[in-house]
Amino acid sequence: MKKILFVCSGNTGRSPMAEFFMKNLVKNLDEKFLIASAASKPTDGGDLHEGIAAKLREENIPYTKHTARQITADDYAKFDYIVCMDKGNIAQVKAICGGDSEGKIKLLLYFCGEDKDIPWDKNGFAETFSDIERGCKALLETIK
């Protein structure tokens with residue numbers, strides 16, 4: 001089983017969008033994947049950002065109720081891939097997890113050969129979705 005944890009700052013926007021997109025992408029392979037998301041910063045346990053939920057609905061990506069949570073050091077051992085939305089998340093995750101001795105922590109667009117952050121694009125989240133779609137598809141090709 002491949003275990004993927006997507007991480008953004010608050011776990012209400014980009015990382016759950018990636019989580020739900022990836023779950024939809026592998027929906028016929030559910031037993032082969034564990035996919036979740038977390039925040040790199042402390043969170044109040046909020047739900048999915050309404051703009052992100054609207055974009056997922058627009059793209060026909062199913063999603064469920066979401067409760068934001070912060071990554072823990074135990075997550076480093078549990079997950080095979082810790083996929084961050086931006087470079088700030090990487091630094092925060094490394095601090096929480098005590099580094100990255102196994103090379104598990106990567107930017108999502110690393111899998112596309114790009115050193116680029118996923119933007120927080122409040123203008124309908126089109127750019128955010130497009131980058132997450134490209135990154136998740138490339139990640140799946142890399143690990144399957």
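Residues numbered from 1 in each chain as written. Predicted model: local features only at pLDDT ≥ 70, side-chain atom pairs only at ≥ 80, totals over all residues. Heavy atoms only, no water.

### What to know about the pattern of salt bridges
Oppositely charged side chains are able to pair whenever their charged atoms sit close together. Inspection of every chain in the model, using the stated rule, returns 16 salt bridges. Where K104 meets E102, a salt bridge forms, and the shortest distance between an N and an O atom there is 3.7 Å. Since its relative accessible area comes to 56%, E102 is described here as exposed. Between D131 and K116 there is a salt bridge; the shortest N-O distance is 2.7 Å. Here D131 is found in helix α5 (residues 126–143), whereas its partner K116 is found in the loop between β4 (105–107) and α5, with 15 residues between them in sequence. Its relative accessible area of 30% is what places K116 among the partly exposed residues. One connected set of salt bridges, linked through shared partners, spans E114, K116, E127, D131 and R134. (Salt bridge = Lys/Arg side-chain N within 4 Å of Asp/Glu carboxyl O. Buried < 20%, exposed > 50% of the residue type's maximum accessible area, 1.4 Å probe, protein only. Helix = DSSP H or I, 4+ residues; strand = E, 2+ residues; numbered from the N terminus.)

### Remarks on the packing of aromatic side chains
Enumeration according to the criterion identifies four aromatic pairs in this entry. Taking the centre distance of 6.2 Å and the plane angle of 55° together, the rings of F20 and Y63 count as tilted. One end of the pair, F20, is in helix α1 (residues 14–25); the other, Y63, is in the loop between α2 (50–58) and α3 (73–78), with 43 residues separating them in the sequence. The class for F20 is buried, based on a relative accessible area of 4%. Of the residues examined, Y63 reaches a relative accessible area of 29% and is grouped as partly exposed. (Phe/Tyr/Trp six-rings, centres within 6.5 Å; stacked < 30°, edge-to-face > 60°.)

Note that all results are geometric; they support no functional claim without further evidence.
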